[in-house]
Amino acid sequence: MKRVFTAANLVEAQLLLDQLAGAGIRARIFNANASSIAGELPIDSSLPQLWVDEEKNSERARALIDEYLRRRPSGPAVRCPSCGEENPGSFELCWNCGAALETLRS
């Protein structure tokens, strides 16, 4: 196993884990519930970490993570066309109903 990324939060770690799984790379999240010990340990020790199961996949995993972070959309909030809920500009799906928000981007 090899660590390939330290996420800012558990949501980011899970999104990236899903990206890796979609590419056929088996990975795990360590420190998923360690935020409660922040302050007791150095901050980077309590943040969620992504580890690949096979070290040979570490470079490919890191490249996929870098690409995802580069293309991640950002910007103003987006209103869902299906349910009307407001979503952060970085979301691709509505957090409330799961409808695609991609069609709203230019």
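The structure under discussion appears in the preceding block.
Chemist: It is not clear to me how the sheet that holds strand E3 (residues 49–52) should be interpreted in this structure. Could you clarify?
Modeler: The strands that make up a sheet are held in pairs by hydrogen bonds between backbone atoms, and each pair lies either parallel or antiparallel. Across the sheet, which stays open at both edges, the three strands sit in the order E1-E3-E2 with antiparallel pairing between neighbours. With one partner strand each, in any of the chains shown, strand E1 (2–6) and strand E2 (27–30) form the two edges of the open sheet. The average angle at which neighbouring strand axes cross in this sheet is 30°, direction not considered. As defined by bridge partners, E1 adjoins E3 across four bridges and the pair is classed as antiparallel. Across the sheet, arginine 3 pairs through a bridge with tryptophan 51, a residue of E3.

Chemist: Where do I start with the pattern of salt bridges in this structure?
Modeler: Side-chain pairs of opposite charge can arise where the charged atoms are in close proximity. Summed over all chains, the structure comprises six salt bridges. With a shortest N-O distance of 3.4 Å, aspartate 53 and arginine 26 are connected by a salt bridge. Of this pair, aspartate 53 sits in the loop between E3 and helix H3 (58–71) while arginine 26 is found in the loop between helix H1 (10–22) and E2, placing the two residues 27 residues apart along the sequence. Relative accessible area serves as the criterion here: at 59%, arginine 26 is assigned to the exposed category. With its nearest N and O atoms 3.0 Å apart, the salt bridge here joins glutamate 67 to arginine 70. Of this pair, glutamate 67 and arginine 70 both sit in helix H3, separated by three residues, roughly a single helical turn. Among the residues examined, arginine 70 registers a relative accessible area of 60% and is labelled exposed. One salt-bridge network, held together by shared partners, links Arg26, Arg28 and Asp53.

Cut-offs applied
- Residues numbered from 1 in each chain as written.
- Predicted model: local features only at pLDDT ≥ 70, side-chain atom pairs only at ≥ 80, totals over all residues.
- Heavy atoms only, no water.
- Pairing = 2+ DSSP bridges.
- Helix = DSSP H or I, 4+ residues; strand = E, 2+ residues; numbered from the N terminus.
- Axes fitted to C-alpha atoms, helices over the stretch in contact; angles between N-to-C directions.
- Salt bridge = Lys/Arg side-chain N within 4 Å of Asp/Glu carboxyl O.
- Buried < 20%, exposed > 50% of the residue type's maximum accessible area, 1.4 Å probe, protein only.

Any functional reading would require information that these geometric values do not contain.
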